Amino acid sequence: MIRSELIHKLAEENPSLNLQEVERIVDLFFKEIVDRLSTGGRVELRGFGAFTTRAREARTGRNPRTGEQVPVDAKRVPYFKPGKEMRERLNTKATV
C-alpha cells in the first residue's frame, strides 16, 4: 500500500471527512513520527510496533563504480520493531 492508497481508504471509511482533510491528517501523522525520531525519541503504536533510531558508526566504504575507498560519516538510521500482535498475525497460517 502506498500513501495515496492509504488516504483513499481512510476517506472511504470516514465519509464525513473530505479527501483534503484526510490527506492533512496523514501528513501530520507522518510528520509527527519523523519529528519525534529526529530528536532521538521513540514512537510506539500499541499492537503495531515501535519506531526508533539506531546509530551507525563512521566507516570506510567503497564506490561500486570505481572501487575507490570513500569515508562514510556516522549517522542515525530509522528502525522499526513490529509489535507482538503484528508478529502473531504475520506468522499464523490462514485456513483455506
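The present account deals with the structure reproduced in this document. Predicted, not measured: the structure shown is a model, and the values here were computed from it.

## Thoughts on the sheet that holds strand E1 (residues 43–45)
Spatially, three strands are ordered E1-E2-E5 in an open sheet, and the strand pairing comes out antiparallel. With one partner strand each, in any of the chains shown, E1 and strand E5 (75–82) form the two edges of the open sheet. Taking the axes of each pair of neighbouring strands and ignoring which way they run, one obtains an average angle of 30° across the sheet. Both strand E2 (residues 49–56) and E5 contribute to a ladder of eight bridges, which runs antiparallel. Opposite Gly49, over in E5, you have Pro82 as the bridge partner. Against the sheet, helix H2 (residues 19–38) touches E1 and E2, its axis set at about 40° to E2.

## Quick notes on the environment of Arg46
Mapped onto the fold, Arg46 is located in the loop between E1 and E2. Owing to a relative accessible area of 75%, Arg46 belongs among the exposed residues under this scheme. On a C-alpha basis, the gap between Arg46 and Asn18 in space is 27 Å, while along the polypeptide they are 28 residues apart. A polar side-chain atom of Arg46 sits 3.1 Å from a polar atom in the side chain of Glu44.

Reading the values: rules and limits
Residues numbered from 1 in each chain as written. Predicted model: local features only at pLDDT ≥ 70, side-chain atom pairs only at ≥ 80, totals over all residues. Heavy atoms only, no water. Pairing = 2+ DSSP bridges. Helix = DSSP H or I, 4+ residues; strand = E, 2+ residues; numbered from the N terminus. Axes fitted to C-alpha atoms, helices over the stretch in contact; angles between N-to-C directions. Contact = heavy atoms within 4.5 Å. Buried < 20%, exposed > 50% of the residue type's maximum accessible area, 1.4 Å probe, protein only. Polar contact = N/O pair within 3.5 Å; in protein donor to acceptor, adjacent residues only side chain to side chain.

Everything listed is a geometric property; what it means functionally is a separate question.
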